[in-house]
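The lines below spell out each chain.
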Amino acid sequence: MTKRIAFLAALSAVVALFPAQQLLRAQQPLSGILWDFNETSAKTVHDSAGNLDDPIEGLTWRVPGVEGNGLLFDGYTTRITRAADKVPQLKGGFTISAWVALNYYPWNWVPIADQNADDQIGFFLGIDAFGHPGFNLSVNGIWRQLTSTAVLPLKRYSRITGTFDPQSGIAIYVDGKLAGSLNVPGEFSQASGTDLIVGRIRNPQQPYPSWLDAFRDPIDYSLDGYMDGFELAQGAQCGGRTGGVCKSEPPRQRRYRDSSTSFGASRRRPVRRILCEP
């Protein structure tokens, strides 16, 4: 009888331990984000680093990626949102990286990843209207802006990486090669109360240059192209998942054909979607 009571007591202790372990895991801070876009759902994307599902908004579908699937952004409505309380807290250096294949250059700056508040705190990794990648962030309370002179090709995947190192500052890499740097060592200030938005502008903007365009009011738009292998990680790593070692990666080429749509006829250039041929 005594042995039976001891056994039941031990079993109860083991059962009680599992919820506590689950709660402890839930309370641990997230260290990063990793989306490979290999899901089949049109509504969510799975973060394998944090074991979370994040919502996809707008029109999109799965397309051939660098490895497996990628995600198509329609140029107007598509975006991924990570709620502010689920964004990893970035301490010290960090890296943001993604494969991007542009269908067209954007109307104005468009984010690959944007967690900034009024261009004062946080970070913004994106592409300007001429295809230049840029990485902006708050260092020592000052909004620092770095725009590369490199021009991204159209209809071809390129690996875009932004890094911040407290000792050396900000850097941009394209396909593993340094494409710009800014020597601003210091402390990064994160916009912790702001959602992370991927692939679409946070607030309406005027197309650039506004005086040449038919639009008189700001518009909403998103990335027009593909994305694959998005990563946000602690530590400054020049090529994303390269263990901190800078490797030169050639652009990933695929053959594309354009499929015209009636969507957005007022745009200054024809609106087309990229479809990959096998």
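In this text, all values refer to a predicted model and were calculated from it rather than measured experimentally. (Residues numbered from 1 in each chain as written. Predicted model: local features only at pLDDT ≥ 70, side-chain atom pairs only at ≥ 80, totals over all residues. Heavy atoms only, no water.)

Asker: How would you sum up the overall build of the protein chain? Please name residues and give values.
Answerer: Each helix and strand in the protein chain was counted, giving 1 helix and 18 strands. Looking at the 278 residues of the protein chain, the share that counts as buried comes to 49%. Pairs at least 24 apart in sequence give 63% of the contacts found in the protein chain among residues at least 6 apart. Put simply, the protein chain shows about 13600 Å² of open surface, and 54% of that area lies on carbon and sulfur atoms. (Helix = DSSP H or I, 4+ residues; strand = E, 2+ residues; numbered from the N terminus. Buried < 20%, exposed > 50% of the residue type's maximum accessible area, 1.4 Å probe, protein only. Contact = heavy atoms within 4.5 Å. Areas by Shrake-Rupley, 256 points an atom, 1.4 Å probe, with all protein chains shown as cover.)

Asker: Break down the environment of Ile 219 for me, citing the residues and quoting the values.
Answerer: Structurally, Ile 219 can be placed in the loop between β15 (196-198) and β16 (224-234). When the C-alpha positions of Ile 219 and Gln 205 are compared, they lie 5.3 Å apart, and in sequence the two are 14 residues distant.

Asker: Run through the pattern of salt bridges, naming residues and quoting values.
Answerer: Counting across every chain of the model gives 6 salt bridges. Close ionic contact of Asp 114 with Arg 202 constitutes a salt bridge, the shortest N to O distance being 3.2 Å. Of the two residues, Asp 114 sits in strand β8 (residues 110-117) while Arg 202 sits in the loop between β15 and β16, which places them 88 residues apart along the sequence. Of the residues examined, Asp 114 reaches a relative accessible area of 3% and is grouped as buried. Of the charged contacts in the structure, one is a salt bridge between Arg 159 and Glu 231, with a shortest N-O distance of 3.9 Å. Taken together, the residues Arg 159 in strand β12 (residues 158-165) and Glu 231 in strand β16 connect sequence positions 72 residues apart. For the pair formed by Arg 159 and Glu 231, the shared burial category is buried. (Salt bridge = Lys/Arg side-chain N within 4 Å of Asp/Glu carboxyl O.)

Asker: I'd love a proper account of the nonpolar core, names of residues and values included.
Answerer: Of all hydrophobic cores here, the largest spans 44 residues; its most connected members are Phe 123 and Phe 230. Of all the elements, strand β7 (residues 94-102) adds the most residues to this core, at 5 residues. (Core = buried A, V, L, I, M, F, W, Y, C linked by side-chain atoms within 4.5 Å.)

Asker: So what about the side chain of Asn 108? Which residues, and what values?
Answerer: When you line up the elements, Asn 108 lands in the loop between β7 and β8. Those residues in contact with Asn 108 that sit more than four places away from it in its chain are Ile 127, Asp 128, Ala 129, Gln 205, Gln 206, Pro 207, Tyr 208 and Tyr 221.

Asker: I'd like to hear about the pairing of strand β3 (residues 52-57), residue by residue, with values.
Answerer: In the sheet, strand β2 (residues 44-47) pairs with β3 via 4 bridges, with the strands oriented antiparallel. In the sheet register, Thr 44 faces β3, and the bridge partner there is Pro 55. Following β2, the chain reverses through 4 residues before pairing antiparallel with β3; Asn 51 in that reversal takes a positive phi of roughly 55 degrees. Note: β3 against strand β6 (residues 79-82), 2 bridges, orientation antiparallel. Counterpart to Glu 57 in the pairing with β6 is Arg 79. (Pairing = 2+ DSSP bridges.)

Asker: Hey, could you go over the environment of Glu 39 for me, with residue numbers and the actual values?
Answerer: Relative to the assigned elements, Glu 39 resides in the loop between β1 (32-35) and β2. Once the C-alpha coordinates of Glu 39 and Gly 68 are considered, the two residues, 29 residues apart in sequence, prove to be 9.6 Å apart. With sequence-adjacent residues up to four places away left out, Glu 39 is seen in contact with Thr 44, Val 45, His 46, Arg 62 and Asn 69. Within the structure, Glu 39 has its side chain in polar contact with the backbone nitrogen of His 46 (distance 2.8 Å). (Polar contact = N/O pair within 3.5 Å; in protein donor to acceptor, adjacent residues only side chain to side chain.)

Asker: Before we move on, can you summarise the packing of aromatic side chains with the specific residues and values?
Answerer: If you walk through the whole model with that rule in mind, you get 11 aromatic pairs. Considering the side-chain rings of Phe 94 and Phe 135, the 6.2 Å spacing of their centres and the 80 degrees angle between planes classify their relative orientation as edge-to-face. In this pair, Phe 94 is assigned in strand β7 and Phe 135 in strand β10 (residues 133-139), connecting sequence segments 41 residues apart. One exposure class covers both Phe 94 and Phe 135, and it is buried. Taken together, the ring pairs connect Phe 94, Phe 123, Phe 135, Phe 164 and Phe 188 into an aromatic cluster. Cation over ring: Lys 155 sits above Tyr 104, and NZ or CZ is 5.5 Å from the ring centre. (Phe/Tyr/Trp six-rings, centres within 6.5 Å; stacked < 30°, edge-to-face > 60°. Lys NZ or Arg CZ within 6 Å of the ring centre and 35° of its normal.)

Asker: Break down the environment of Thr 81 for me, with residues and values.
Answerer: As for its placement among the helices and strands, Thr 81 is situated in strand β6. Spatially, the C-alpha atom of Thr 81 lies 9.2 Å from that of Gly 199, the residues being 118 residues apart in sequence. Once you skip the residues sitting within four places of it in the chain, Thr 81 turns out to touch Asp 54, Pro 55, Glu 57, Asp 195 and Leu 196. Here Glu 57 takes part through its side chain, which lies 3.0 Å from a polar atom of the side chain of Thr 81. Among the polar contacts listed, one links the side chain of Thr 81 to the side chain of Arg 79, at a separation of 3.4 Å.

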